[in-house]
Amino acid sequence: MIDWLVERMEMDMMKQEWVEEAWHKALKKTQHNSVRIGSGFPHASQGGMYDSAEPYWWTAGFWPGMLWLLYNDSGDESLKLIAEACEGRLDSVLNDYVRLDHDLGFMWTLTSVASYKLSGNEDSKVRALKAANFLAARFNIKGSFIRAWNPWYEGEDNSGYAIIDCVMNMPLLFWASEISGDPRYRHIAEAHMDMVMEHFIRPDGSVYHIVRFDPHTGEVIEGIGGQGYAAESAWSRGSAWAIYGLTLAYHHTGKTDYLEAAKRVSHFFLTRLPQDHVPHWDFRAPMEERQYRDSSAGACAASGLLLLAEKVDEVEAAVYRDSAIRILKSLYENYGTWDDMNEEGLILHGTSNYPQGTNIDVPLIYGDYFYVEGLARLKEKGPFYWE
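Okay, so let's go over this structure. (Residues numbered from 1 in each chain as written. Predicted model: local features only at pLDDT ≥ 70, side-chain atom pairs only at ≥ 80, totals over all residues. Heavy atoms only, no water.)

Across its full length, the chain holds 13 helices and nine strands. The C-alpha atoms of the chain give 20 Å as radius of gyration, which agrees with the globular expectation for 387 residues (21 Å, within 12%). The dimensions of the chain, computed from C-alpha atoms along their principal axes, are 60 × 45 × 45 Å. Taken over 387 residues, the chain has a buried fraction of 59%. Restricting to contacts in the chain with at least 6 residues of sequence separation, those with at least 24 account for 68%. Distance from the positive charge centre (35 side chains) to the negative charge centre (56 side chains) of the chain: 2 Å. (Helix = DSSP H or I, 4+ residues; strand = E, 2+ residues; numbered from the N terminus. Rg over C-alpha atoms; globule rule 2.2 N^0.38 Å. Buried < 20%, exposed > 50% of the residue type's maximum accessible area, 1.4 Å probe, protein only. Contact = heavy atoms within 4.5 Å. Lys, Arg positive; Asp, Glu negative; His and termini not counted. Charge placed at Lys NZ, Arg CZ, Asp CG, Glu CD.)

Further remarks concern the pattern of salt bridges. Oppositely charged side chains may form a pair once their charged atoms are brought near each other. Per the stated rule, a full pass over the model turns up 19 salt bridges. Two residues, Arg184 and Asp182, come together in a salt bridge whose shortest N-O distance is 2.6 Å. The salt bridge involving Lys263 is made with Glu260; its shortest N-O contact spans 3.4 Å. Placement of both Lys263 and Glu260 in helix H10 (residues 256–270) is noted, with a separation of three residues, approximately one turn of the helix. (Salt bridge = Lys/Arg side-chain N within 4 Å of Asp/Glu carboxyl O.)

Here helix H3 (residues 77–89) spans 19 Å end to end across 13 residues, near enough to the 18 Å set by a 1.5 Å rise per residue. Looking at H3, one finds that the buried residues are Leu79, Lys80, Ile82, Ala83, Cys86 and Glu87. When H3 is viewed along its axis, its buried side chains cluster within an angular range of 165° and face the same direction. (Expected span 1.5 Å × (residues − 1). Arc of directions from axis to C-beta.)

The next thing to look at is the environment of Val113. Turning to its location among the elements, Val113 is positioned in helix H5 (residues 104–119). On the accessibility criterion, Val113 (1% relative accessible area) is buried. Between the C-alpha atoms of Val113 and Glu190, which are 77 residues apart in sequence, the distance is 20 Å. When near neighbours in sequence (up to four residues on either side) are disregarded, Val113 contacts Trp108, Ala128, Leu172, Trp175 and Tyr385.

Moving on, we come to the nonpolar core. Membership of the largest hydrophobic core comes to 129 residues, with the highest contact counts inside it found for Leu173, Trp241, Phe370 and Tyr371. It is helix H11 (residues 295–310) that contributes the most residues to this core, ten residues altogether. Beyond its immediate sequence surroundings of up to four residues, Tyr371 is in contact with Ala22, Ala26, Ala299, Leu328, Leu331, Tyr332, Trp338 and Ile347. With five residues, the next largest nonpolar core counts Ala148, Trp149, Tyr161 and Ile163 among its residues. (Core = buried A, V, L, I, M, F, W, Y, C linked by side-chain atoms within 4.5 Å.)

What follows deals with the side chain of Ser296. Along the chain, Ser296 turns up in helix H11. The exposure class assigned to Ser296 is buried, which follows from its relative accessible area of 1%. Among the polar contacts made by the side chain of Ser296, one reaches the side chain of Asp294 at a distance of 2.6 Å. Once residues lying within four places of it in the same chain are set aside, the contact partners of Ser296 are Arg237, Leu364, Tyr366 and Gly367. (Polar contact = N/O pair within 3.5 Å; in protein donor to acceptor, adjacent residues only side chain to side chain.)

Shown next, in the form of structure tokens:
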């Protein structure tokens, strides 16, 4: 028993060394990038330089969210000022309803909720509550789902679409209930998560990306492949969203059904990882279509697994914690860009939307964000804005 404890202590010390080194390199690179990016909204790195997306794009929260994480440990005021400027730029989106869809949680949890938690900014609190109201308004009582996108083109009807990504928007509603004392936000979030368990999570733990409902009756019509290879395949980032989102739902509610579902998805995910622990973009794509990895899926799953490890007994916790550490360490050692100052992205080999041929095998800002968040969890440097 003593030998086991000594070995464990030595492993923890070794872990702390590489984590601190990885954190320091991520901080230095982000400080360097912040000079050029400023209060922009990067999405994907093209030719070594992050693009600049429109403020209404779903990824707008990840850059300021990452700045808040790094500021919280470093105290670098320049990072805080940029994060606040990004939040301010999002006011034009928040006040322009036609641009808003289901991704309000991604956008305002990582900006306004983060700001409120770290600085107590009352304007940020108001922004986040306003975003929560718009998000709650997308709930369709027939089918108990929060509608995903708005029409992409004239005449399109996607009013019955729900997507697995939206589980990560529910923390905004849980937060709104807590901060306002109004349980209605929480009721909507739980209803959506109950629907996810019933219609998105397959018995083997794999996950649909899109489920289409009849928006008038709530009847399930079909599962759709979306950003996965096919309707019945297993898009790895969808699995990562589910791991983290279900665990967060358990964190906010204590409902064990969410915890058990998170475990089931985690086991599916972990048993299908390749040798370097970073997933291919779709676990069930044909081999000739599966060559690309999605480092963003690995980073997101790792952060979710670390939270999951906090919610179970120590024997189970070791499985999830150690798996998350292996993923993050592989991202650091095998996917990091620390020696390449011509690349702004922190981690390589993300896949955004393979079926559409969009941003394949490039750094993605949400991959960078979840990588940094995973390191922050290993450093026990909260608060974490989803919680």
